[in-house]
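# Fold and contact review
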Amino acid sequence: MAKSPEEEHPQKSFGWAARDSSGTLSPFHFSRRENGDEDVTIKILYCGVCHSDLHFLKNDWGVTRYPIVPGFQRRHEIVGTVIKLGKNVSKFKMGDRVGVGVLVGSCRTCENCQQDLENYCPDMMFTYNSISEDGTMTYGGYSDIVVVDQWFVLRFPDNLPLDAGAPLLCAGITVYSPMKYYGMTEPGKHLGVAGLGGLGHVAVKLGKAFGLKVTVISTSPNKEDEAINKLGADAFLVSTNPVKLKEAVGTMDYIIDTVSAVHPLLPLLALLKLNGKLITVGLPDKPLELPISSLVIGRKLVGGSNFGGIKEIQEMLDFCAEHNITTDIELIKMDYINTAMKRLSKADVKYRFVIDVANSLSQ
């Protein structure tokens, strides 16, 4: 007879979980494995909330295993302090500030892993909704503790605030990785950021830190003041204004497309110069139409990217610490999470919800 989630492992844990596709979260008792020799137990202080959580809670992608404790799958952010160490752990000490990103496991032997690209490993294990090596479910950061192999634990820089720094583990690496890989970091070049949400607002900050001219491309004219005066963008382009779009044709070297809704790509491609690059990181729920003639005529490139490996995530955290880059957040208590999910479905947040786990998770 299968054991209940509370009885599977020695370390008792508590969090909030959804039991079915209604997506409604409620208190949930479960357990974590005891530390292995390479493991770190982390007291979770803050956990970010991402649109991916919403999809998984409601089984929009048809892969959810219930009960599900969100807080880190393909996107999300867990930060906290080390409270227990396995005997072979050398990277961390008790009390260290640490983070856990999208992954808690990979094969460590394939070609991708050998190139520090664990995020493309065929056997990667996500922080929640995955099956661990012992056959039990992985549960995420909407909970009090988590146990992770030291390889997949990240050092959190001292000058990064844990709450506003936490979403960098998702939003930060999701835009940092393609900017680095596709060479979108040359000072003086012109970067377009399509969509000003959780990903887009970090892309603006990173672009300015790299020395780029940054233009925000948005369907919402009311975001212009914030894009320029608060986030530091150089210009703002309303994508529904045909006159302004025409004026901007052929002016951008790169565009990072963070939009997760279905949208046309042709207007974005038209904004690119010869040899321009359009890199998509949003995940629309339906296919987008890609006009090949626009690529051929302008020798343009369309690419994608799927967060980053452990080495690159650490690099991104250190870069953000050096340049004082954090995310703009709304800090919430755990018992507000169902309301937050409703607001998130309407894009009613600037720009990331973060749960104050340690100060709001009571049994």
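Here is a short report on the structure shown in this document. (Residues numbered from 1 in each chain as written. Predicted model: local features only at pLDDT ≥ 70, side-chain atom pairs only at ≥ 80, totals over all residues. Heavy atoms only, no water.)

Right, let's get into the nonpolar core. Among the nonpolar cores identified, the biggest contains 92 residues, and Y142, L191, L206, I256, I337 and M341 are the most heavily contacted of them. Core analysis: the next-biggest nonpolar cluster, separate from the first, contains 14 residues, L245, I255, L271 and L295 among them. (Core = buried A, V, L, I, M, F, W, Y, C linked by side-chain atoms within 4.5 Å. Buried < 20%, exposed > 50% of the residue type's maximum accessible area, 1.4 Å probe, protein only.)

Looking now at a nonpolar patch on the surface. Together, L290, I292, V296, I297 and V302 make up an exposed nonpolar region whose accessible area comes to about 470 Å². Here the element with the most residues in the nonpolar patch is helix α9 (residues 292-298); it accounts for three residues. In this structure, V296 sits in helix α9. Judged by relative accessible area, V296 falls into the exposed class, the value being 62%. (Patch = residues over 30% accessible without salt bridge, like charges linked within 9 Å, V, L, I, M, F, W, Y side chains within 5 Å. Areas by Shrake-Rupley, 256 points an atom, 1.4 Å probe, with all protein chains shown as cover. Salt bridge = Lys/Arg side-chain N within 4 Å of Asp/Glu carboxyl O. Helix = DSSP H or I, 4+ residues; strand = E, 2+ residues; numbered from the N terminus.)

Counting across every chain of the model gives five aromatic pairs. The rings of Y176, F210 and F319 are connected pair by pair, giving a single aromatic cluster. The ring centre of W151 lies 5.8 Å from the NZ or CZ of K91, which sits over that ring. (Phe/Tyr/Trp six-rings, centres within 6.5 Å; stacked < 30°, edge-to-face > 60°. Lys NZ or Arg CZ within 6 Å of the ring centre and 35° of its normal.)

Turning next to the environment of V82. Within the element layout of this structure, V82 appears in strand β4 (residues 78-85). When its relative accessible area of 3% is taken as the criterion, V82 is described as buried. Each C-alpha atom, one on V82 and one on G99, is 9.7 Å from the other, the two residues being 17 residues apart in sequence. Beyond its immediate stretch of four places on either side in the chain, V82 contacts V40, T41, F92, K93, M94, G95, D96 and V98. (Contact = heavy atoms within 4.5 Å.)

With that out of the way, let us pick up unusual backbone geometry. Of the consecutive residues K350 and Y351, the connecting peptide bond is found in the cis state with omega at -15°. Its location among the elements puts Y351 in the loop between α11 (337-345) and β17 (352-356). A positive phi angle, close to 70°, is found at N275, a residue other than glycine. Mapped onto the elements, N275 comes out in strand β14 (residues 272-280). For N275, a relative accessible area of 36% corresponds to the partly exposed category. If you check the backbone angles, N324 has positive phi at about 55° while not being a glycine. Mapped onto the fold, N324 is located in the loop between α10 (310-322) and β16 (329-332). The exposure class assigned to N324 is exposed, which follows from its relative accessible area of 65%.

Taking burial as the measure, the five residues of strand β10 (residues 190-194) include five buried ones, the bulk of the element. The alternating pattern of β10 places H190, G192 and A194 on one face and L191 and V193 on the opposite face, and all of these are buried. In the sheet, β10 pairs with strand β11 (residues 213-218) via five bridges, with the strands oriented parallel. Bridging across to β11, H190 finds its partner in K213. Tracing the backbone out of β10, into helix α5 (residues 198-209) and back to the parallel element β11 gives a crossover that is right-handed. Bridge analysis of β10 against strand β13 (residues 252-257) gives four bridges, and the strand direction is parallel. Bridge pairing links A194 to D257 in β13. (Pairing = 2+ DSSP bridges. Right-handed = clockwise from strand over helix to strand, strands pointing away.)

Shape is all these values report; function is a separate question.
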